Amino acid sequence: MQSRPSQPRQTGIELQSLIYIAAAYTQPDPVENTHAVIKIADAMLDAGFTPLIPHLTLAWHLVSPKKYETWLAYDRQLLAHCDAVLRVPGFSSGATRETQFADAVGIPVIRPRSANPADCVASLVDHYSNQQESP
């Protein structure tokens, strides 16, 4: 895998932080979990973040099923381009592996106190506020 670029691309427009949402997908139900993550993503978008929702591959999987490990490898490629990971509370071996990957490559992992969309946004706002205050 290539290393992350040390300088952001110059696009002439202000880019919002791209946040990967790591949350339960398989258990208890992929459709319910995707629904819950979309609610979080809506709140993030309203707060000025750009959420990346790996759960949306649900539609792709319905048309062209892939092995679990194929989806995890695909998700790692997406995650590698993100500015941070929002690790939504709840059991998920896949999300745990994604956060371990993020830690290994130096992507910040933000851990809200609950899966409530307001808590998720508050944790992101807090993280980015603290980053701006640091030298």
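Notes on the structure in this doc start here. None of these values were measured; they are calculated from a predicted model.

## Structural notes on the environment of A47
- Examined against the element boundaries, A47 turns out to sit in the loop between α1 (30-46) and β2 (50-52).
- Judged by relative accessible area, which is 38%, A47 ranks as partly exposed.

## Section: the nonpolar core
- Membership of the largest hydrophobic core comes to 17 residues, with the highest contact counts inside it found for I19, I21, I40, M44, L86, V88 and L124.
- Mapped by element, the contributors of at least two residues to this core are β1 (18-22), α1, β3 (84-87) and α5 (117-133).
- In contact with L86, other than residues within four places in its own chain, are I19, Y20, I21, A22, I40, M44, I110, P112, C120, S123 and L124.
- Counting residues in each nonpolar core, the second largest holds eleven residues, with A22, A80, A95 and F101 among its members.

## Details of the packing of helix α3 (residues 68-79) against helix α4 (residues 93-105)
- Put simply, α3 and α4 touch, their axes get as near as 11 Å, and they point 35 degrees apart. In terms of crossing hand, the pair formed by α3 and α4 is right-handed. On the side of α3, the interface is formed by Y68, E69, L72, D75, R76 and L79, while α4 contributes S93, G94, R97, E98, F101 and A102.
- Residue composition of the contact of α3 with α4, grouped by class: five nonpolar, two polar and five charged.

Cut-off values and rules
Residues numbered from 1 in each chain as written. Predicted model: local features only at pLDDT ≥ 70, side-chain atom pairs only at ≥ 80, totals over all residues. Heavy atoms only, no water. Helix = DSSP H or I, 4+ residues; strand = E, 2+ residues; numbered from the N terminus. Buried < 20%, exposed > 50% of the residue type's maximum accessible area, 1.4 Å probe, protein only. Core = buried A, V, L, I, M, F, W, Y, C linked by side-chain atoms within 4.5 Å. Contact = heavy atoms within 4.5 Å. Axes fitted to C-alpha atoms, helices over the stretch in contact; angles between N-to-C directions. Left-handed = near helix turned anticlockwise from the far one by under 90°. Nonpolar A, V, L, I, M, F, W, Y, C, P; charged D, E, K, R; others polar.

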